[in-house]
Amino acid sequence: MRATLIATARRLFTEKGYAATGTPELVEAAGVTRGALYHHFADKEALFAAVAEAESAAVAAEIEAAAPSSLEPAAALVEGSMAYLRAMGAPGRTRLLLLDGPAVLGRRAMDEIDARHGNRTLREGLAAAMRAGAIRRLPLGPLTAMLGAMLDRAALDRENGDNEADRRKVIEALFAGLAT
């Protein structure tokens, strides 16, 4: 039932947005009672947080699939970054994670979710590349935050039809610029 509520909420939140989606509509679309909703989630915001967590985990899984540990660290950074941008192309995902998420849950909560998933993969990739001597040693926290913000902006721009080949050129040049 919890999974059904999360899937239904994801669909409605991406179609209509958080504010325009009411709990009566959610329970009706999920085929459950209000009591069932509140048994699993304290309120609509808690349900939204579960949707954001699931979406962020799905993004991380796509990154990890595209950048396995068998890749050279520098190549893994490029492939992981491109996988992030592709993953964010899933219908409604940019709205959920980059627009509504910070508005509904706050930037701090979304940063915590991201630290468990997408930014975790970026941080791990950067750390591996530094250990391998593939990129310069820089403070990992600020580097992860800045590159993560750049990738988030690229994901937003992707929705405007930016060219994937151009994004790849920029990402490759960025990581080449960090090379030792």
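Residues numbered from 1 in each chain as written. Predicted model: local features only at pLDDT ≥ 70, side-chain atom pairs only at ≥ 80, totals over all residues. Heavy atoms only, no water.

Draft legend 1. Broad picture of the packing of aromatic side chains. Overall, the coordinates contain three aromatic pairs when judged by the stated rule. On the basis of an interplanar angle of 45° and a centroid distance of 5.5 Å, the ring pair of Phe-13 and Tyr-18 is categorised as tilted. The buried category is assigned to Tyr-18, whose relative accessible area is 16%. Ring plane angle 55° and centroid distance 5.3 Å describe the contact between Phe-13 and Phe-48, whose orientation is recorded as tilted. With Phe-13 in helix α1 (residues 2–16) and Phe-48 in helix α4 (residues 44–66), this residue pair connects regions lying 35 residues apart in the sequence. (Phe/Tyr/Trp six-rings, centres within 6.5 Å; stacked < 30°, edge-to-face > 60°. Buried < 20%, exposed > 50% of the residue type's maximum accessible area, 1.4 Å probe, protein only. Helix = DSSP H or I, 4+ residues; strand = E, 2+ residues; numbered from the N terminus.)

Draft legend 2. Molecular detail of helix α2 (residues 23–30). Of the residues making up α2, those classed as buried are Thr-23, Leu-26, Val-27 and Ala-30. Across the axial projection of α2, the buried residues extend over an arc of 90°, all falling on one side. Projecting away from the buried face of α2 at angles above 90 degrees are the exposed residues Pro-24 and Glu-28. Elements in contact with the buried residues of α2: α1, α3 (34–40) and α4. The positive-phi residue at the C-terminal boundary of α2 is Gly-31, with phi of around 70°. (Arc of directions from axis to C-beta. Contact = heavy atoms within 4.5 Å.)

Draft legend 3. Fine view of the pattern of salt bridges. This model, assessed by the stated rule, comprises 15 salt bridges. Linking Asp-111 and Arg-107 is a salt bridge whose minimum nitrogen-to-oxygen distance equals 3.0 Å. Note that Asp-111 and Arg-107 are positioned in helix α7 (residues 107–116) at a spacing of four residues, about one turn of the helix. Judged by its relative accessible area of 42%, Arg-107 falls in the partly exposed class. Three or more residues are tied together by salt bridges with common partners; here these are Arg-10, Glu-55, Glu-62 and Arg-93. (Salt bridge = Lys/Arg side-chain N within 4 Å of Asp/Glu carboxyl O.)

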